[in-house]
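What the coordinates show
This is what each chain is made of:
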Amino acid sequence: MPELRPILLVEDSPRDLELTLTALEKCQFANEIVIARDGAEAIDYLFMEGAQSERMPGDPTVVLLDLKLPKIDGLEVLERVKSNEKLRHIPIVMLTSSREEQDLIRSYELGVNAFVVKPVEFTQFFKAIQDLGVFWALLNEPPPGYRIHD
């Protein structure tokens, strides 16, 4: 049986973080949810640097990445990951309230796997998170040779 990899949730809004975690928990995934509250924490986790240099090796099954983040924004996190040969295969879903066309275009130029605008209404947001979680944690088939451990 394949090892369950964590879901990395990068979100700075306490409200959106709580709603996202509640929706993911409702799906009853066995995957651990790792939280980064800014882009720098996400980079440290993904590249195993700083406070995350001693974490267990392995990549997340998916990164749910907010666009507007403190320290390092979501586009820069996306660019760093997708330009790194060892990490570029990690699926990244931009999960944002931005409806700016330039954010959508730039995200796809940088290699995002999906761009989801956060619904404002609670029930829609909840359902969107659950659908994302089910697809990326259970249904998506990673490419052969997907790096689980260093």
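Residues numbered from 1 in each chain as written. Predicted model: local features only at pLDDT ≥ 70, side-chain atom pairs only at ≥ 80, totals over all residues. Heavy atoms only, no water.

**Observations regarding the sheet that holds strand β2 (residues 33–36)**
Taken in spatial order, the five strands make up an open sheet running β2-β1-β3-β4-β5, and their pairing is parallel. Unpaired on one side and paired on the other, β2 and β5 (114–117) mark the two borders of the sheet. Across the sheet, the mean angle from the axis of one strand to that of its neighbour is 20°, orientation sign disregarded. Taken together, the four bridges between strand β1 (residues 7–10) and β2 define a ladder with parallel strand orientation. Following the sheet pairing, L9 is matched in β2 by I35. Helix α1 (residues 14–26) rests against β1, β2 and β3 (62–65) of the sheet, and its axis sits at about 170° to β2. Sheet strands in contact with helix α3 (residues 74–82) are β3 and β4 (92–96), and its direction is about 175° off that of β4. (Pairing = 2+ DSSP bridges. Helix = DSSP H or I, 4+ residues; strand = E, 2+ residues; numbered from the N terminus. Axes fitted to C-alpha atoms, helices over the stretch in contact; angles between N-to-C directions. Contact = heavy atoms within 4.5 Å.)

**Some points on the pairing of β1**
On a regular strand, each side chain points to the face opposite its neighbour's, so the side chains alternate between the two faces of the sheet. On β1, burial covers both faces: I7 and L9 on one face and L8 and V10 on the other are all buried. Between the parallel elements β1 and β2, the chain passes through α1 in a crossover that is right-handed. Where β1 lies against β3, four bridges are found, and the strand directions are parallel. When the sheet's bridge partners are listed, L9 is paired in β3 with L64. (Buried < 20%, exposed > 50% of the residue type's maximum accessible area, 1.4 Å probe, protein only. Right-handed = clockwise from strand over helix to strand, strands pointing away.)

**Let's talk about the packing of aromatic side chains**
Summed over the entire model, instances satisfying the criterion amount to zero aromatic pairs. Over the ring of Y45 we find R55, and its NZ or CZ is 3.9 Å from the ring centre. (Phe/Tyr/Trp six-rings, centres within 6.5 Å; stacked < 30°, edge-to-face > 60°. Lys NZ or Arg CZ within 6 Å of the ring centre and 35° of its normal.)

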